[in-house]
Amino acid sequence: MLVLGIDTSCDDTSVAIYDARERRLLSEKVSSRMELHARYGGVVPEIAARQHLELLLPMIESVHEEAGVAPDPETINLIAATRGPGLIGGLLVGLGCAKALSLGWGVPYVGVNHLDGHLVSAILTNDMLPYPHIALIVSGGHSEIYKANSPTEYFLLGETRDDAAGELLDKVGRLLGLPFPAGEIIDGWALEADPEEPPQKFPRPLLNRDVLEFSFSGLKTACLYFMRSEEAKKYSRESIGAEVLRAAVDCLLGKAFLACRTQSIDTLVISGGVASSRYLHREAGKRAVKEGFNVTFPDPNHCTDNASMIALAGWYRFEKSGPDDYDLDCDASLMVSTG
Ligand code: KG4
Ligand code: ZN
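Keep in mind the model is a prediction, meaning the values are calculated, not measured.

Chemist: Even after reading the chapter, I still don't get the sheet that holds strand β10 (residues 294-296), so can you show me in this structure?
Modeler: The strand order across the open sheet built from 5 strands is β8-β7-β6-β9-β10, with neighbouring strands paired in mixed fashion. Each edge of the sheet is formed by a strand with only one pairing partner; in this case those strands are β8 (153-159) and β10. Geometrically, the sheet is characterised by an average inter-axis angle of 25° between neighbouring strands, direction not taken into account. Here strand β6 (residues 133-138) runs beside strand β7 (residues 143-150); their pairing, made up of 6 bridges, is antiparallel. By the bridge assignment, Leu-136 is partnered in β7 with Ile-145. Where helix α8 (residues 237-263) meets the sheet, it contacts β6, β7, β8 and β9 (267-271), and its direction lies at approximately 160° from that of β6.

Listed below in structure tokens is the structure:
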């Protein structure tokens, strides 16, 4: 059962061939052209859509070559492409390409929810992932907690009231003069943070309240005002960035473990681009041991956007509801599948 996966939801063009029965990734390519967007301080939708258009077909040829399979109906059994949420221009390129290949090859296709992809991405690393579990998605656009009953059935337990965790790091990165996206650099600072530096403390919004919600925009504002103060002169930008990530991680883990406790579920799965943070891994590991929970992450390549997770989520969707019709549309603000 070979699935061709395509993700063009944001700036990265990704394509993969995944063997869904054997649970084996045959080949995968991610092309990131962040340098084209960096000077604008964020992803420019029109530039991203044009890049996807240019890169997609050559990348599809190249994953077939790498997997050693011919691009025809004899080998590929299913085509799965992201239909939302994301930037509409890129989604149209990916889903349109999937429909054209499906018609040309006579192979079924499915439109996949990008978030469903993140929610199953840990299975690419651990195919014994237990259900039910609590799933925390932390990316550039999302900070949400779900109860996952199966790979196709999720209940939203809580989300951010404003900015996503990755968005916070990218905005704070901009204040600190870092290139976009800034998450990985700030992560390095938090790992190396010098315990001897004088302690500064940013707020942990909503952490002491019994709600499963995040609010990260106040943390960004606190950082901005702190940087304008005299006091800030005593601190390096590394120590300020590190404290922002520490505060965000306190909130993320505090609420995720609260969800585990209130739902009486002992496994927490963390996915999305921010889940590749080594600082988050270290802290999650420590707290999981202390609080008696298990915590699992996808491998770092499958935390950030990738087409393998789309192939896998597409296969689950196909098994449950069969192929999609050609009139299926993209949806830039699609919600997670609830079952
Ligand atoms: O899931 P993703 O690749 O794209 C979205 O669907 O949003 O997530 C991108 C986000 C960016 O905000 C980026 O700064 C953050 O993930 N990120 C990280 C790390 N690598 C990427 N944040 C913290 N630590 C990292 N190592
Ligand atoms: Zn994503």
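Chemist: In this structure, what is going on with the environment of Glu-283? I would like to understand it.
Modeler: Inspection of the secondary structure puts Glu-283 in helix α9 (residues 278-291). Under the relative-accessibility criterion, Glu-283 is labelled buried at 10%. With 53 residues separating them in the primary sequence, Glu-283 and Val-336 have C-alpha atoms 27 Å apart. Sequence-distant contacts of Glu-283, defined by excluding residues within four places in its chain, comprise Val-249 and Leu-253.

Chemist: Before we go on, may I ask you to explain the site of ligand 1 in this structure?
Modeler: By nearness alone, 19 residues border ligand 1, and Gly-140, Asp-170, Gly-183, Gly-273 and Asp-305 come closest of all. Between ligand 1 and Gly-166 there is a distance of 3.2 Å, counted from an oxygen atom to a backbone nitrogen or oxygen. At 3.1 Å from an oxygen atom of ligand 1 is found a main-chain nitrogen or oxygen belonging to Gly-183. Here ligand 1 has 560 Å² of accessible area as a free molecule, and 87% of this is covered by the chains. Residue classes in the shell around ligand 1 are distributed as 3 nonpolar, 12 polar and 4 charged. For the shell around ligand 1, the two domains that each supply at least three residues are domain 1 (2-119 + 303-321) and domain 2 (131-297).

About the thresholds
- Residues numbered from 1 in each chain as written.
- Chains lettered and ligands numbered in written order.
- Predicted model: local features only at pLDDT ≥ 70, side-chain atom pairs only at ≥ 80, totals over all residues.
- Heavy atoms only, no water.
- Pairing = 2+ DSSP bridges.
- Helix = DSSP H or I, 4+ residues; strand = E, 2+ residues; numbered from the N terminus.
- Axes fitted to C-alpha atoms, helices over the stretch in contact; angles between N-to-C directions.
- Contact = heavy atoms within 4.5 Å.
- Buried < 20%, exposed > 50% of the residue type's maximum accessible area, 1.4 Å probe, protein only.
- Near = heavy atom within 4 Å.
- Polar contact = N/O pair within 3.5 Å; in protein donor to acceptor, adjacent residues only side chain to side chain.
- Areas by Shrake-Rupley, 256 points an atom, 1.4 Å probe, with all protein chains shown as cover.
- Nonpolar A, V, L, I, M, F, W, Y, C, P; charged D, E, K, R; others polar.
- Domains from an automatic or database assignment.

Geometric values such as these leave the question of function open.
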